[in-house]
Amino acid sequence: MEPFIKTLTQTDIHKRLAIPTDSLKHFPGFKGRHSVDFNVKDKSHRLWTFRCSIRKRSYAKPVFSSGWLEFIRHKNLRIGDKIIVHKEEKDVNGVQYKIEVQRKITLLGKDFWADVL
């Protein structure tokens, strides 16, 4: 899966994470349902379960809901932080997705993106 990268907004931090509609094809099938749970592994190898939901009518507008706010609080994420989600080969735990978090820091007047563990 090509990764999707998103800079977090206020809604992403306080309610749910809106994800690009074209990334839906890389997540588990909904099979007639409007939500699906899947596992994600972070850089510290911790497993998280997120729920990806879509609207019942009109366009899909996918979001990560259940599990997402717990992840936000645990990582102490803020508006402007960046997430990168991509698919990896299945391992023994059945994890198929990885999530990375980065925060912009300024050192000696120069901006860098540092991993948030």
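Residues numbered from 1 in each chain as written. Predicted model: local features only at pLDDT ≥ 70, side-chain atom pairs only at ≥ 80, totals over all residues. Heavy atoms only, no water.

Asks: Tell me about the pairing of strand 3 (residues 35-41), and please be specific about residues and values.
Replies: Every other side chain in a regular strand lies on the same face of the sheet, so the side chains alternate between the two faces. When strand 3 meets strand 4 (residues 47-53), the two strands line up antiparallel, connected through seven bridges. Note on strand 4: the bridge partner recorded for Lys41 is Leu47. Counted along the chain from strand 3 to the antiparallel partner strand 4, the turn is five residues long, and its residue His45 has a positive phi close to 70°. (Pairing = 2+ DSSP bridges. Helix = DSSP H or I, 4+ residues; strand = E, 2+ residues; numbered from the N terminus.)

Asks: Describe the packing of aromatic side chains, with residues and values.
Replies: Tallied over the full model, the rule gives ten aromatic pairs. Taken together, Phe4, Phe38, Trp48, Phe50, Phe64, Trp68, Phe71 and Tyr97 form an aromatic cluster joined through their ring pairs. Over the ring of Trp48 we find Arg46; its NZ or CZ atom is 3.9 Å from the centre of that ring. Above the plane of the ring of Trp113 lies Lys82, whose end atom (NZ or CZ) is 4.1 Å from the centre. (Phe/Tyr/Trp six-rings, centres within 6.5 Å; stacked < 30°, edge-to-face > 60°. Lys NZ or Arg CZ within 6 Å of the ring centre and 35° of its normal.)

Asks: Could you give an account of the pattern of salt bridges, naming the residues involved and the relevant values?
Replies: Taken as a whole and assessed by the stated rule, the structure comprises six salt bridges. Among the salt bridges present, the one from Lys75 reaches Asp42, with a minimum N-O distance of 2.9 Å. Linking Lys75 in helix 2 (residues 68-75) with Asp42 in the loop between strand 3 and strand 4, this pair joins segments that are 33 residues apart in sequence. By the burial criterion, Lys75 is buried, and Asp42 matches it. With a closest N to O distance of 3.7 Å, Glu70 and Arg46 form a salt bridge. Linking Glu70 in helix 2 with Arg46 in the loop between strand 3 and strand 4, this pair joins segments that are 24 residues apart in sequence. Overall, the relative accessible area of 33% leaves Arg46 in the partly exposed class. (Salt bridge = Lys/Arg side-chain N within 4 Å of Asp/Glu carboxyl O. Buried < 20%, exposed > 50% of the residue type's maximum accessible area, 1.4 Å probe, protein only.)

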